[in-house]
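One letter stands for each residue in the lines below.
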Protein chains: 2
Amino acid sequence: MIQQLMGSELVQRLKNAGIAITVQRMALAQLLLERPCHVTAEQLLERARAVMPELSRATVYNTLRLFADKGLVRELSMGGDSLVFDSSTAPHYHYFNVDTGEVTDIPSDSVQVLGLPPLPEDMELHEVEVIVKVRARS
Amino acid sequence: MIQQLMGSELVQRLKNAGIAITVQRMALAQLLLERPCHVTAEQLLERARAVMPELSRATVYNTLRLFADKGLVRELSMGGDSLVFDSSTAPHYHYFNVDTGEVTDIPSDSVQVLGLPPLPEDMELHEVEVIVKVRARS
DNA sequence: TTCCATGCAAAGGGTTTGCACTCTC
DNA sequence: GAGAGTGCAAACCCTTTGCATGGAA
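The residue count restarts for each chain, going from 1 along the sequence in the order it is written. Chains carry letters from A onward and ligands carry numbers from 1 onward, assigned in written order. For this predicted model, a pLDDT threshold of at least 70 governs which residues receive local features, and a threshold of 80 or more governs which side-chain atom pairs are given and counted, while totals over whole chains, interfaces and linings are taken from all residues. As a rule here, side-chain values come from all non-hydrogen atoms in the structure, and water together with hydrogens is ignored.

Q: Would you mind showing me how to read the pattern of salt bridges here?
A: Between side chains of opposite charge, pairing is possible as soon as their charged atoms come close. Salt bridge, as used here: a side-chain nitrogen of Lys or Arg that lies within 4 Å of a carboxyl oxygen of Asp or Glu. Inspection of every chain in the model, using the stated rule, returns twelve salt bridges over all chains. The partner of B:Lys133 in a salt bridge is A:Glu127, and the shortest N-O contact between them spans 3.7 Å. Here B:Lys133, found in strand S7 (residues 123-136), pairs with A:Glu127, found in strand S7 (residues 123-136), and the two come from separate chains. Judged by its relative accessible area of 17%, A:Glu127 is buried. With a closest N to O distance of 2.5 Å, B:Arg57 and B:Glu42 form a salt bridge. Of the two residues, B:Arg57 sits in helix H4 (residues 57-69) while B:Glu42 sits in helix H3 (residues 41-49), which places them 15 residues apart along the sequence. Numbering of helices and strands runs from the N terminus; a helix is a DSSP stretch of H or I covering at least four residues, while a strand is a stretch of E covering at least two. Whether a residue is buried, partly exposed or exposed follows from its accessible area with a 1.4 Å probe, protein chains only, as a fraction of its type maximum: under 20%, in between, or over 50%, in that order.

Q: What should I look at first to understand the sheet that holds strand S5 (residues 103-105) of chain A in this one?
A: Strand-to-strand pairing in sheets goes through backbone hydrogen bonds, with the strands running parallel or antiparallel. Read from one edge to the other, the open sheet built from six strands follows the order S5(A)-S4(A)-S7(A)-S7(B)-S4(B)-S5(B), with strand pairing classed as mixed. Each of the sheet's edge strands pairs with one partner strand only, and the pair in question is S5 of chain A together with strand S5 (103-105) of chain B. Across the sheet, the axes of successive neighbouring strands diverge by a mean angle of 30 degrees, strand direction being ignored. In short, DSSP must find at least two bridges between two strands for them to pair. For helices, the fitted line uses only the C-alpha atoms of the stretch in contact; every axis is such a line through C-alpha atoms, and the angle between N-to-C directions lies from 0 to 180 degrees.

Q: Just checking my understanding: could you explain the interface of chain A and chain B for this structure?
A: Interface size is often expressed as the accessible area that is lost when the parts come together. Across the boundary between the two partners, chain A contributes 37 residues, which contact 37 residues of chain B. Summing both sides of the interface, chain A and chain B together bury roughly 3300 Å²; the carbon and sulfur share of this comes to 55%. Among the residues of chain A in contact with chain B, A:Glu124, A:Lys133 and A:Arg137 are the three that bury the most area, contributing 19% of the side total. The interface formed by chain A and chain B holds two salt bridges in total. At the level of secondary structure, the elements contributing two or more residues to the side of chain A that touches chain B comprise strand S4 (94-97), strand S6 (112-114) and S7 of chain A. In terms of residue count, S7(A) provides more of the side of chain A that touches chain B than any other element does, 14 residues in total. Residues that form the side of chain A that touches chain B fall into these classes: 20 nonpolar, nine polar and eight charged. Two residues form a contact once any of their heavy atoms are found within 4.5 Å. Buried area is a sum: the accessible area each of two parts loses on coming together, probed at 1.4 Å, counted once for each and added. Note on residue classes: Ala, Val, Leu, Ile, Met, Phe, Trp, Tyr, Cys and Pro are nonpolar, Asp, Glu, Lys and Arg are charged, and everything else, Gly too, is polar.

Q: What should I look at first to understand the protein's contact with DNA strand C in this one?
A: Any residue with a heavy atom lying within 4 Å of a molecule or strand is counted as near it. Around DNA strand C, the structure places 18 residues, and the nearest of them are A:Thr22, A:Thr59, B:Tyr61, B:Arg65 and B:Leu83. If you look at DNA strand C and keep only atoms within 4 Å of the protein, 84% of those are sugar or phosphate atoms. Think of a polar contact as two N or O atoms within 3.5 Å of one another; within protein, one of them needs to be a possible hydrogen donor and the other a possible acceptor, and neighboring residues in sequence only count if both atoms come from side chains. At 2.8 Å, a side-chain N or O of A:Thr22 approaches a phosphate oxygen of DNA strand C. Side-chain polar atom of A:Thr59 to a phosphate oxygen of DNA strand C: 2.7 Å apart, as the coordinates give it. Residue contributions to the surface near DNA strand C peak at five residues, all from H4(B). Tallied by class, residues from the surface near DNA strand C come to eight nonpolar, six polar and four charged.

Q: Could you clarify how one ought to interpret the sheet that holds strand S3 (residues 84-86) of chain A in this entry?
A: Residues and elements named next belong to chain A. Spatially, S1-S3-S2 is the arrangement adopted by the three strands of the open sheet, whose pairing is antiparallel. Only two strands of the sheet have a single partner each, and these edge strands are strand S1 (38-39) and strand S2 (74-76). Here S1 pairs with S3 via two bridges, running antiparallel. Across the sheet, residue Val 39 finds its bridge partner in S3, namely Phe 85.

Q: Before we go on, may I ask you to explain the protein's contact with DNA strand D in this structure?
A: Within the structure, DNA strand D sits among 18 residues, and A:Tyr61, A:Arg65, B:Thr22, B:Gln24 and B:Thr59 are positioned closest to it. Taking all atoms of DNA strand D within 4 Å of the protein, the share assigned to sugar and phosphate is 83%. In the model, a phosphate oxygen of DNA strand D is placed 2.9 Å from a nitrogen or oxygen of the A:Leu83 main chain. The side chain of B:Thr22 places a nitrogen or oxygen atom 2.7 Å from a phosphate oxygen of DNA strand D. Among the secondary structure elements, those contributing two or more residues to the surface near DNA strand D are helix H4 (57-69) of chain A together with helix H2 (23-33) and H4 of chain B. Per-element accounting of the surface near DNA strand D gives the leading share, five residues, to H4(A). The class makeup of the residues in the surface near DNA strand D is eight nonpolar, six polar and four charged.

Q: I would appreciate a short explanation of the environment of A:Leu64 in the present structure.
A: Residue and element names in this part refer to chain A. When you line up the elements, Leu 64 lands in helix H4. Judged by relative accessible area, which is 2%, Leu 64 ranks as buried. If we ignore the near neighbours within four places in the chain, the residues touching Leu 64 are Leu 32, Ala 41, Leu 44, Val 73 and Phe 85.

Q: Even after reading the chapter, I still don't get the nonpolar core, so can you show me in this structure?
A: Side chains of nonpolar character tend, in soluble globular proteins, to be buried together. Put simply, buried Ala, Val, Leu, Ile, Met, Phe, Trp, Tyr and Cys residues joined by side-chain atoms within 4.5 Å make one nonpolar core. Counting residues in hydrophobic clusters, the biggest one holds 27 residues, and the most contacted among them are A:Leu14, A:Leu32, A:Leu33, A:Val60 and A:Phe67. Element by element, the count of residues in this core is highest for helix H2 (residues 23-33) of chain A, at six residues. Residues contacting A:Leu32, with those up to four places away along its chain left out, are A:Cys37, A:Val39, A:Leu44, A:Leu64, A:Phe67, A:Val73 and A:Ser87. If you look at the next biggest cluster of nonpolar residues, it comprises 25 residues, including B:Val11, B:Ile21, B:Ala48 and B:Leu64.

On their own, these measurements won't tell you what the molecule is for.
Have a look at this one:
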């Protein structure tokens, strides 16, 4: 069942990340990783079930956590109720529509954050997140 | 039961925000609003029960939502499991300790975000959040 | 054959809600 | 006295976990 997928780039990306190949993981990887995308677990489950109706919710959550641990996707905690997973690997920032919950990339690599004070000696930087919250003009 | 509080500044702040005064709300306001503070609902409940043991969890959640709607506190969605409420009113940004969940203000008003592209015509800016995620140096 | 991944259902944690009682005004 | 606020418990939603089955190596 798996053999037919063996050559693809996507398979290599997963293997390079130390992830064993399964049909479910490949289906999710195709939806997530082939283009930049922002989805919740529930949205991903819905899209994946269009192709693979028997896919279980637990597998989606397990796979998203695995991908996140291996660095293939990033977890975003916006104001919404659920986590959003982002498959863009390069550093970048986000718009968050506070009414719809929609997340999009800020289309510019020229954004910079200036004036941050130095961290205490015993702390190290993990990541800088910039969230530009927007809404439809009323 | 309420009369003794009537004159205070805190009462005026709540009234100005259109919030009716109750003993529970005043107790929570004292803990939250008298100095800048970052707490989860559960932390606030614990602190408040030290003074008012019969206080219910629902009242804490209701009051935090009310205060947030009225602009007295701000909801922060960090990576952690629960929302953090921030009583600093002036615009400012945050450190988030990814190991402990601790939130602190960035001690500088000179931080600025440059290079943001203009928003589409039909969108308006709601808020810009900058989260500097840090961890203890290993 | 061995081990890990999957699917299902139940558990878990944070938050909200329904309803009767209490308090403010 | 009328209406809003409170407390309690149950409901809710998102996410994780336990366990038996199924597939990969």
